[in-house]
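Coordinate inspection notes
Here is what each chain is made of, one letter per residue.
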2 protein chains.
Amino acid sequence: MLRLSKFADYGTQVMAYMAKDGAVHSASEVAAGLGMAASTISKILKMLARENLVESVMGAKGGYMLGRHPKNISIAEIIYAMDGPISITECSGTSACTRESLCSTRGSWQGINRIIQEALEKESLAEMIKPRHHDTRNHIAEHHIVDISAIRSRGKSA
Amino acid sequence: MLRLSKFADYGTQVMAYMAKDGAVHSASEVAAGLGMAASTISKILKMLARENLVESVMGAKGGYMLGRHPKNISIAEIIYAMDGPISITECSGTSACTRESLCSTRGSWQGINRIIQEALEKESLAEMIKPRHHDTRNHIAEHHIVDISAIRSRGKSA
DNA sequence: TGAAGTGGGACTATTTTAGTCCTAGTTAGT
DNA sequence: ACTAACTAGGACTAAAATAGTCCCACTTCA
């Protein structure tokens, strides 16, 4: 379904929570704040720390704090920290493609990958936690799912 | 990893194969042509047929043919046929969001979803099977994976 | 020294995804 | 009329990715 992993989703939530201030928050505190299991949040924070998106402070009274200003953190980085490289296609250097000629088919994926990555890279954590999104053109009210019915009906009639 | 399902990948391959001509091809023929298991390809063709991306011809000498001109078939439709709605986020109308205030965080996802969908919608099957992609700006030679190292290093230094 | 933390990884459970197979229905050819 | 070559649809199984939990070592504060 071309969906983000839950970890990536949690990751952004955790980052958004941390972005409220520059203070140190323990994993359990963040977990309580987000209403999630402490062990899960702990894992997520560890992953974020490995990529320096958050900085850890060890010992009692320790915890995590944002690694840098929310303006300088992109969604792409968070996704990368949680899920690894952002690529829509599988075939990645290991030449899983059976036929060279066929692989010309896949050239398009590169362009699409690029567009996705750019979108993810442009959006900063700072923009994300704003009450209103900077892009004001028509929001879909209730759902985050993109309405594809237009495409479907176009297909049926043709 | 924000990756496409294999089915979606196969789906585009099958469609690309069919797009070579307007003729009727049996599932087993397509499977042989792509070097894949007949049962798998059969399943994929059935899924494509349900969305009218291919038309089925029953009986002996039957098979499948492209539903319409490759120019009028978008990658988005193929993905939809194989994987269902294209949405990067999970929270989709069923209000899985624990906190309303937190959900402002997710407004950004709508914009990102939109961008992705537009990219997928713009790219037609016809463009995909062209030997060269219409978008000529720098291709990454070997991989389809997007190089995220630039992002990473930016993160480390900050 | 103990309580409160993180670091890192092993482990298990769950869910998705992928792949196979079976039965029924349709059509062409003989 | 019969048979071979097909698709339709779904049940079923296998495999893999994802999510979540837990444990033990180390660090710091009081």
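This section reports on the structure supplied with the text. All residue numbers refer to position in the chain's written sequence, counted from 1. The lettering of chains begins at A and the numbering of ligands begins at 1, in the order of writing. Local features in this predicted model are restricted to residues whose pLDDT is 70 or higher, and side-chain atom pairs enter the listing and the counts only when it is 80 or higher, whereas totals over whole chains, interfaces and linings include all residues. Each side-chain value is derived from all of the structure's non-hydrogen atoms; neither hydrogens nor water enter the calculation.

1. A short note on the nonpolar core
Worth spelling out the cut-off: Think of a nonpolar core as a cluster: buried Ala, Val, Leu, Ile, Met, Phe, Trp, Tyr and Cys residues, connected wherever their side-chain atoms sit within 4.5 Å. Burial status follows relative accessibility: with a 1.4 Å probe on protein chains alone, a residue under 20% of its type maximum counts as buried, one over 50% as exposed, and anything between as partly exposed. Here, two residues are considered to be in contact whenever any of their heavy atoms come within 4.5 Å of each other.
Counting 74 residues, the largest nonpolar core has Leu45 and Leu48 of chain A together with Leu45 and Leu48 of chain B as the members making the most contacts within it. Other than its neighbours up to four places away in sequence, Leu45 of chain B contacts Val14, Met18, Ala27, Val30, Val54 and Tyr64 of chain B.

2. Quick look at the protein's contact with DNA strand D
Keep this limit in mind: Nearness of a residue to a molecule or strand requires only that one of the residue's heavy atoms be within 4 Å of it. Pairing of N or O atoms within 3.5 Å defines a polar contact, subject to two protein rules: one partner must be a possible hydrogen donor and the other a possible acceptor, and residues neighboring in sequence count only if both atoms are side-chain atoms. Under this grouping Gly is polar, as are all residues other than the nonpolar Ala, Val, Leu, Ile, Met, Phe, Trp, Tyr, Cys and Pro and the charged Asp, Glu, Lys and Arg.
The local shell around DNA strand D holds 23 residues, among which Lys6 of chain A together with Ala27, Lys46, Ser56 and Tyr64 of chain B are the closest. If you look at DNA strand D and keep only atoms within 4 Å of the protein, 67% of those are sugar or phosphate atoms. One of the backbone N or O atoms of Gly59 of chain A is found 3.4 Å from a base oxygen in DNA strand D. Split into classes, the residues belonging to the surface near DNA strand D amount to ten nonpolar, nine polar and four charged.

3. Remarks on the protein's contact with DNA strand C
Stated formally: The secondary structure listing takes helices from DSSP runs of H or I that are at least 4 residues long and strands from runs of E that are at least 2 residues long, numbered from the N terminus.
Lys46, Ser56 and Tyr64 of chain A together with Lys6 and Met58 of chain B are the nearest of the 23 residues found near DNA strand C. Among the atoms of DNA strand C close to the protein, meaning within 4 Å, 67% are from sugar or phosphate groups. Within the backbone of Ala27 of chain A, an N or O atom sits 2.9 Å from a phosphate oxygen of DNA strand C. Between DNA strand C and Lys43 of chain B there is a distance of 2.9 Å, counted from a base nitrogen to a side-chain nitrogen or oxygen. Listed by contribution, the elements that provide at least two residues to the surface near DNA strand C are strand S1 (54–57) and strand S2 (63–66) of chain A together with helix H1 (6–18) and helix H3 (38–50) of chain B.

4. Re the pairing of S2 of chain A
All names here are of chain A. The criterion, for reference: What makes two strands pair is DSSP finding at least two bridges between them.
Note: S1 against S2, four bridges, orientation antiparallel. Pairing of Val57 across the sheet is with Gly63, part of S2. The turn joining S1 and S2, which pair antiparallel and follow one another in sequence, is formed by five residues; a positive phi near 85 degrees is taken by Gly59.

5. Comments concerning the packing of H1 of chain B against helix H2 (residues 27–34) of chain B
All names here are of chain B. Rules: Angles here are taken between N-to-C directions and fall from 0 to 180 degrees, while the axes themselves are lines fitted to C-alpha atoms, restricted in helices to the stretch in contact. Each angle receives one of four descriptions, namely roughly parallel if under 35 degrees, roughly antiparallel if over 145, roughly perpendicular if within 65 to 115, and oblique otherwise.
Relative to each other, H1 and H2 sit at 105 degrees, their axes nearing to 11 Å. The orientation of H1 relative to H2 falls into the category roughly perpendicular. Residues Gln13, Val14, Tyr17 and Met18 of H1 pack against Glu29, Val30, Gly33 and Leu34 of H2. Here the residues of the contact of H1 with H2 sort into five nonpolar, two polar and one charged.

6. With respect to the environment of Ser42 of chain B
Counting through the fold element by element, Ser42 of chain B comes out in helix H3. As a C-alpha pair, Ser42 of chain B and Val57 of chain B span 15 residues in sequence and 13 Å in three-dimensional space.

7. Quick word on the packing of H1 of chain B against H3 of chain B
Residue and element names in this part refer to chain B. Here H1 crosses H3 at 80 degrees, and the two axes come no closer than 10 Å. Between H1 and H3, the crossing angle belongs to the class labelled roughly perpendicular. Taken together, the residues of H3 that come into contact with H1 (itself represented by Phe7, Tyr10, Gly11, Val14, Met15 and Met18) are Thr40, Ile41, Lys43, Ile44, Leu45, Met47 and Leu48. In terms of residue class, the contact of H1 with H3 is made up of ten nonpolar, two polar and one charged.

8. Remarks on the environment of Val30 of chain A
Residues and elements named next belong to chain A. Within the secondary structure layout, Val30 lies in helix H2 (residues 27–34). Using a relative accessible area of 0% as the deciding quantity, one classes Val30 as buried. Distance from Val30 to Met15, taken between C-alpha atoms, is 9.9 Å for residues 15 residues apart in sequence. Setting aside chain neighbours within four positions, we find Val30 in contact with Val14, Tyr17, Met18, His25, Ile41 and Leu45.

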